[in-house]
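# Summary of structural features
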Amino acid sequence: MTAPTLAFFTRLLDDAAPGERFALAAEQIRHAELHGIGRAWVAQHHFRAAEGGLPSPLVFLAHLAARTTRIRLGTGVITLPLEDPVRVAEDAVVADLLADGRLDLGLGSGGTPSSFVPFGEDVRDKAQTYDRKLGVLLDALSGRDIGADNTLYPDAGDLRDRIWQATFSAAGGRRAGIHGHGLLLSRTQPRSTDAPHAPLAALQDPIIDAYLDALPSGAAPRITASRTVFVADDRADALRFAEVGLRRAAEGFRRQGQTIQGDDLDDLIAALDTHLGTPEEVAESLAADATLSRATEIAFQVHSVDAPHPHVLRSIELFAQEVAPALGYALHPAPTDTFTDTLRENA
């Protein structure tokens, strides 16, 4: 297997007002590009600032398209049951054209039940709604009739080949595989009360197995594994931020009914599948994550450590400069055009 490529993932959770959140995330993604990271994923969340700061990811990525030159830009994910699939197709095509074909379209079925109400959807029907709207979206991106002899304009080109699906289940992995789509795996997953200390691989390897089994013959697998990674020059700094961020995250998961056992920091680091510390410590921790050996891309994010912006920038640098080479991860050559040189000077 070739070395996995790298992506930076953000839910736009910096402790700032919305406009500043967007600016800080844009700077982090530009910083990732300058350090050879090949893709940026941004999440969509509605209504609750503590869960995520971006309801309109394609608008944000269109903005980023004008401020970057090489890094790919992906939605991780658009909550398809809450969207009009024709409008998703139209907006994605425009964003992709503005990004010169750098857009990746990640989709998911959604995880916050109360968010379905304002959109007139019933969370109990989300699986069926997702499948129905996915069919419409694929018809649109494929140039097929989507009603009354209408087809998409501008046409989608090969954007249909750049769809990814996020899932927590083997059934979802199989669905992504059947369509030949990419597979997006979460940074952590709920454990059952019967196996609260199960390794993440025990939950995610069956998803990968189902995905690979369903993938059409000849289709290349695309498997992105997202992970919480916070790299610091000093482990004490990493632990200081984790003490706040992981406790807050654990409380949120427990309110949702998840089992998060233990209450000291080491327990929370393990329960929330967090890789943190110095470059050497993070490299050792990631090397022990069995699922990553099956991924074609590793997407690193600072959530739920959620350190301040300057420390996020430093974590990106340390990951690219020290952790990635130690593990043999593939970096992209830094852009050298005049436009990007200007971005580097202003970063």
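Everything that follows concerns the structure shown earlier in this document.
Residues numbered from 1 in each chain as written. Predicted model: local features only at pLDDT ≥ 70, side-chain atom pairs only at ≥ 80, totals over all residues. Heavy atoms only, no water.

The buried fraction of strand E9 (residues 297-301) amounts to five of the five residues, a majority that puts the element mostly inside the structure. Of the two faces of E9, the one holding Glu-297, Ala-299 and Gln-301 and the one holding Ile-298 and Phe-300 are both buried throughout. In the sheet, strand E1 (residues 5-10) pairs with E9 via four bridges, with the strands oriented parallel. When the sheet's bridge partners are listed, Phe-8 is paired in E9 with Phe-300. Sheet topology note: the strand E7 (residues 223-231)/E9 ladder contains five bridges and is parallel. The residue bridging Ser-226 from the neighbouring strand is Ala-299, located in E9. (Buried < 20%, exposed > 50% of the residue type's maximum accessible area, 1.4 Å probe, protein only. Helix = DSSP H or I, 4+ residues; strand = E, 2+ residues; numbered from the N terminus. Pairing = 2+ DSSP bridges.)

Look at helix H4 (residues 126-141): 22 Å from first C-alpha to last across 16 residues, which is about the 22 Å you get at 1.5 Å a residue. Here H4 has its buried residues at Thr-129, Tyr-130, Lys-133, Leu-134, Leu-137, Leu-138, Ala-140 and Leu-141. Around the axis of H4, the buried residues are gathered within 160 degrees of arc, so they sit on the same side. Opposite the buried face of H4, by more than 90 degrees, sit the exposed residues Gln-128 and Arg-132. (Expected span 1.5 Å × (residues − 1). Arc of directions from axis to C-beta.)

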